[in-house]
Amino acid sequence: AAAPRFHGPHQAAVLTPPARATAFTSFDVTAADRRELADLLRTLTDRARFLTTGGIPAPTGITAPPPDSGLLGPDVPADGGLAVTVSAGASLFDGRYGLAGRAPRLLRAMPVFPDDDPDPAWCHGDLAVQLCADSPDTVLHALRDLTRHTRGALQIRWRINGHNPPPRPSGAPRNLFGFKDGTSGPDPRDARLMDRLVWTGPDAGEPPWTAGGSYQVVRLIRMLTEFWDRIPLSEQERVIGRSRDTGAPLDGARETDAPRYAHDPTGEVTPLDSHIRLAHPRTPGSEAHRLLRRSYSYDRGTDSNGTLDQGLLFCCYQRDPVRQFTTVQKRLAGEPLTDYVTPFGGGYFFALPGVRDRADWYGRALL
Ligand code: HEM
C-alpha cells in the first residue's frame, strides 16, 4: 500500500483501517525545557515526513556512523504503508514545560477499572508514538530511525508490537479468540459523523491548538487464549454475542446484519451481558457513546509459567473520553468476558492535530 498522505488537518492513521503491523511505544520526555521540547517535536516531524514519503538518507561523513540502519536497503521506500501517530499523555502537561494551563480539557491519566490488574511498568507516558505499516520491518526501521534522532529528549517507557491478518474477503480480521473484530463501528468515510464522534477542538470547549486532534485510549489486554480454547463454542458465542464462524449477530445471518435487541428484551438469543450488547446496547442514547476502534493482536511469547502471553492492543479514538470510552468500559464491568482477559497496561493520550504543510510540525500551535 502507498504511504498515507502525511500532511493534513488530522493524523492519517486515525481513520485508516488497522495495518498489518504496528509498534506502540510510550516515552518519558527528558527534554530539559520548553525549547528542547519544541526541538524534539520538530525533529519527530521531520523524521516522520521523511519516513512516510521515502527517499535517500542524507549522507554522513565517512568516519561517522551510516545515516540509516539499512534495514530497508539504501533507499527508504515510500510504499511501506507507514503511518506515524504522535500523542501526548496527561503528564506532559504537569508543569515541567509550562504547559499546565494548555492541556486538552478532558485528558487525565488512565484510571484503574474494576477488572484491571495494572502493571506500572506498562502504563501511562508523556508522549506516545504509534507506527503502523504493511510489514514489521518497515515498522522497526521507523522505530530505529526515530529513537536514534531523539535520544537526548526521549526515553522509552514501554513498547508493544501488534499485528493483524491480511485483508480477506470474508470480512473483519479475526482476533486471537478467533472472532471477527472490528465489524461494528462508526463509518470513517462519514466526515460529519467523524466530527461528532472522533475529532475535537474549540467547538468542544477545548483549547484552540487541539483543533483536529482526538483522544486516544490504549488498553493492553492479556487474553487467556489457552483457557478460552477449552470452553464450548456455544459458550464463547454467548460471551461475545456473535457467531464465531460468520461474525453475524446471534439473531442474524450475515456479519453486516444489525442486531435487533428490541425484539429480544430478556436476552434469550443475545445474552444481556454479552460483550457486544453491553458495548453498544443500541438504545436511543447509546449512539453518542460509539468509539472508533483501531486494535491489534499482540504476541509476547510465553510467560514464566509456560503460558502463552497473548492479547489485544486495544486502541480507540473519540471526541470525548468520558462520554465515550469511560461509559462503554463501565458498562462492560464484570461482563463474562472478564474471566478470559486481564487488562494490565496502556494509557490515555491525546492524538495531536495533523501536520498541515512543510512549515508545520507536531504541536506547533501548542508550543
Ligand atoms: C465489539 C472482542 C475489548 C468495545 C467486539 C466484537 C468482538 C470483540 C469479537 C464483535 C465484532 C465487532 O463489532 O468488532 C473484544 C475482545 C476484547 C475487547 C476479545 C478484549 C480482549 C473491548 C474494550 C472495549 C470494547 C476494552 C471498550 C471499552 C467494543 C465495541 C464493540 C465491540 C464498542 C462494537 C459493538 C457493536 O457496535 O455492536 N469486541 N473486545 N471491546 N467491542 Fe470489544
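As the structure is a prediction and not an experimental result, all values here were calculated from the model.

Enquirer: I keep staring at the overall build of the protein chain and nothing clicks. Help me out?
Expert: Helix and strand content of the protein chain: seven helices and nine strands. Its C-alpha atoms give the protein chain a radius of gyration of 21 Å, within 12% of the compact-globule value 21 Å for 367 residues. Taking the principal axes of its C-alpha atoms as reference, the protein chain extends roughly 70 × 45 × 40 Å. Burial status across the protein chain gives 43% buried among its 367 residues.

Enquirer: Help me out: how do you make sense of the site of the ligand in this one?
Expert: Lining the immediate surroundings of the ligand are 25 residues, of which Phe-179, Thr-183, Ser-184, Ala-279 and His-280 lie closest. When residues of the shell around the ligand are traced back to their parent elements, those giving at least two are strand E5 (214–223), helix H6 (275–279), strand E8 (308–318) and helix H7 (322–332). By residue number, the principal contributor to the shell around the ligand is H7, which donates four residues. Residue composition of the shell around the ligand, grouped by class: 14 nonpolar, seven polar and four charged.

Enquirer: It is not clear to me how the confidence of the model for the protein chain should be interpreted in this structure. Could you clarify?
Expert: Detailed reading of the predicted coordinates is not advisable wherever pLDDT is low. Across the protein chain, the average pLDDT comes to 96, with 99% of residues at 70 or higher. Scored as a complex, the prediction yields pTM 0.97 and ipTM 0.99.

Enquirer: Can you walk me through the pairing of strand E9 (residues 341–351) in this structure?
Expert: Most of E9 is tucked away: nine of the 11 residues are buried. Sheet topology note: the E5/E9 ladder contains 10 bridges and is antiparallel. Bridge pairing in E9 links Met-223 to Val-341.

Enquirer: Would you mind showing me how to read the nonpolar core here?
Expert: One recurring pattern in soluble globular proteins is that nonpolar side chains are buried together. Within the largest apolar cluster, 82 residues are counted, with the highest numbers of intra-cluster contacts made by Val-84, Leu-127, Leu-131, Ala-142, Leu-313, Cys-316 and Tyr-317. Here Ala-142 is in contact with Leu-51, Leu-82, Val-84 and Leu-131, once residues within four sequence places are set aside.

Enquirer: When you look at the UniProt feature "domain: Dyp-type peroxidase N-terminal" (unreviewed entry) in the protein chain in this model, what are you seeing that I'm missing?
Expert: When the UniProt feature table is mapped onto this chain numbering, "domain: Dyp-type peroxidase N-terminal" (unreviewed entry) sits at residues 11–163. End C-alpha to end C-alpha, residues 11–163 measures 20 Å, and it is 22% helix and 22% strand.

Enquirer: I'm lost on the environment of Thr-342 in this one. Help?
Expert: By the secondary structure assignment, Thr-342 is in strand E9. Not counting chain neighbours up to four residues away, the residues in contact with Thr-342 comprise Asp-117, Ile-221 and Arg-222.

Rules of the game
Residues numbered from 1 in each chain as written. Predicted model: local features only at pLDDT ≥ 70, side-chain atom pairs only at ≥ 80, totals over all residues. Helix = DSSP H or I, 4+ residues; strand = E, 2+ residues; numbered from the N terminus. Rg over C-alpha atoms; globule rule 2.2 N^0.38 Å. Buried ≥ 20, exposed ≤ 12 C-beta atoms within 10 Å, placed from the backbone. Near = placed C-beta within 6 Å. Nonpolar A, V, L, I, M, F, W, Y, C, P; charged D, E, K, R; others polar. pLDDT = per-residue confidence, 0-100. Pairing = 2+ DSSP bridges. Core = buried A, V, L, I, M, F, W, Y, C linked by C-beta atoms within 7 Å. Contact = placed C-beta atoms within 7 Å. UniProt positions renumbered as here; feature names shortened; annotations may be inferred.

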